[in-house]
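# Geometric and topological summary
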Amino acid sequence: PKDGDLRSFFPHRLLVQSVMELNVPRAVASSLVFWVGGVAFFLASFAVPLMADAELQANVVLFIVVPPLAVLGAWCYYRGGQSTPGYALGAVMFAIGGTMDALVTVPVFMLPTGITYFEFYADPKFWLVGLEIIAANTAYWCLAVKPRRPSSQVVERQTLLLTKPQQQAATPQQQQQLK
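Figured I'd write up the structure that's included with this text. (Residues numbered from 1 in each chain as written. Predicted model: local features only at pLDDT ≥ 70, side-chain atom pairs only at ≥ 80, totals over all residues. Heavy atoms only, no water.)

## Some thoughts on the nonpolar core
Soluble globular proteins tend to bury their nonpolar side chains together. In plain terms, the rule: Nine residue types can take part in a nonpolar core, namely buried Ala, Val, Leu, Ile, Met, Phe, Trp, Tyr and Cys, and a core is a set of them joined through side-chain atoms within 4.5 Å. Categorising residues by exposure relies on relative accessible area from a 1.4 Å probe, with only protein chains included: less than 20% of the type maximum marks a residue as buried, more than 50% marks it as exposed, and the intermediate range marks it as partly exposed. Note on conventions: DSSP H or I runs of at least 4 residues are helices, E runs of at least 2 residues are strands, and numbering of each starts at the N terminus.
By size, the foremost hydrophobic cluster in this structure holds 31 residues, and its most contacted members are F34, Y78, L89 and I133. Mapped onto this core, the elements with two or more residues apiece are α2 (24-44), α3 (54-78), α4 (86-110) and α6 (124-145). Among the elements that line this core, the one with the most residues is α3, at nine residues.

## Let's talk about the layout of surface pockets
Applied cut-off: The way it works is a 1 Å grid over only the protein atoms, where trapped points that fit a 1.4 Å probe form a cavity and open points with protein on both sides within 12 Å along at least five of seven lines form a pocket, and then any residue with an atom within 4 Å of a point lines it. Grid points are joined across faces, edges and corners, and a volume is the space filled by probe spheres set on the points. Only Asp, Glu, Lys and Arg are considered charged, only Ala, Val, Leu, Ile, Met, Phe, Trp, Tyr, Cys and Pro nonpolar, and every remaining residue, Gly among them, polar.
Volume-wise, the largest pocket comes out at about 610 Å³. Counting only elements with at least two residues in the lining of the largest pocket, the list comes to α2, α3, α4, α5 (117-122) and α6. The element that contributes the greatest number of residues to the lining of the largest pocket is α4, accounting for seven residues. Of the residues that constitute the lining of the largest pocket, the class distribution is 16 nonpolar, six polar and five charged.

## Considerations on the packing of α3 against α6
Keep this limit in mind: Lines fitted to C-alpha atoms define the axes, with helix axes restricted to the stretch in contact, and inter-axis angles between N-to-C directions lie between 0 and 180 degrees. In this scheme, a crossing is called left-handed if the near helix is turned counterclockwise away from the far one by less than a right angle; it is called right-handed if the turn is clockwise. Should any heavy atoms of two residues lie within 4.5 Å, those residues are considered in contact.
With their axes 9 Å apart at the nearest point, α3 and α6 run at an angle of 40° to one another. Considering only the axes of α3 and α6, their crossing is right-handed. Facing N59, L62, F63, V66, P67, A70, V71, A74, W75 and Y78 of α3, the residues of α6 in contact are K125, L128, V129, E132, I133, A136, N137, Y140, W141 and V145. A class-by-class count of the residues in the contact of α3 with α6 yields 16 nonpolar, two polar and two charged.

## Observations regarding the packing of aromatic side chains
Going by this rule: Ring pairs are drawn from Phe, Tyr and Trp, using the six-membered ring of Trp, whenever the two centres fall within 6.5 Å, and their geometry is named by plane angle: stacked under 30 degrees, edge-to-face over 60, tilted for the rest.
Per the counting criterion, the structure on display carries nine aromatic pairs. Ring centres of F94 and W127 lie 5.6 Å apart, and the angle between their planes is 75°; this geometry places the pair in the edge-to-face category. Of this pair, F94 sits in helix α4 while W127 sits in helix α6; the two residues are 33 residues apart in sequence, bridging distant segments of the chain. For F94, a relative accessible area of 16% corresponds to the buried category. Aromatic pair Y121 and F126: ring centres 4.9 Å apart, planes at 80°, arrangement edge-to-face.

## Quick look at the packing of α2 against α4
How we decide: Angular relationships are summarised with four words: roughly parallel below 35 degrees, roughly antiparallel beyond 145, roughly perpendicular across 65 to 115, and oblique for the angles in between.
It is at 9 Å that the axes of α2 and α4 come closest, and there the two elements cross at 45°. Taken together, the axis directions place α2 and α4 in an arrangement best described as oblique. Considering the relative orientation of α2 and α4, their crossing is right-handed. Contacts between α2 and α4 involve A27, V28, S30, S31, L32, F34, W35, V39, F42 and L43 from the first element and L89, V92, M93, I96, G97, M100, D101, V104, T105, F109 and M110 from the second. Across the contact of α2 with α4, the residue classes break down as 16 nonpolar, four polar and one charged.

## Quick notes on α2
Since the α-helix advances by 3.6 residues per turn, residues separated by three or four positions end up pointing in the same direction. Filter applied, for reference: For a helix, the expected span equals 1.5 Å multiplied by the residue count minus one.
Helix length check: α2, at 21 residues, gives a terminal C-alpha distance of 30 Å against a target of 30 Å (1.5 Å per residue), a fit within 8%. Listing the buried residues of α2 in full gives A27, S30, S31, F34, W35, G37, G38, V39 and F42. Lining the buried residues of α2 we find α3, α4 and α6.

## Thoughts on the environment of F41
As for its placement among the helices and strands, F41 is situated in helix α2. The class of F41 is partly exposed, set by a relative accessible area of 42%. Sequence separation between F41 and V66 is 25 residues; the distance between their C-alpha atoms is 9.5 Å. Each residue touching F41, except ones within four places of it in the same chain, is listed here: V61, V65 and L69.

Put into structure tokens, the structure is as follows:
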């Protein structure tokens, strides 16, 4: 890291900066709202047998309810006035949901049925749900949050991505915006 700034160390500075802007208590709360809803729908789907394969039915139900639940979680997060990009919130929601799955879902609901941690996390459906979460949060942010975001924050974010030589080579008008 240069001058103690961790952002210069990471190749994906935009994502790192976005996560650093995160309101952690709100992100955890919105992630838990999402996770509890997902687990509740997943488990409830076993009580209403519509398909011969109950596990497939539960996964179909989960695939259908993940986008609305992710949007609900995003709404809970952004109603506090935050402007963190949706992809960063989605990644955090997926990480927190995956952690809760490791702590609760797998040991309580999956291990008794014979599904191991490896089988749970190696299943492509798990990762597809993660992409759904990130996509739904990004869509919500683009449609509902980004339009109300002050342009000064956009300029600040772009400034963080510029190296010192790029900032010095900027035109006088661009340098004024950087200040």
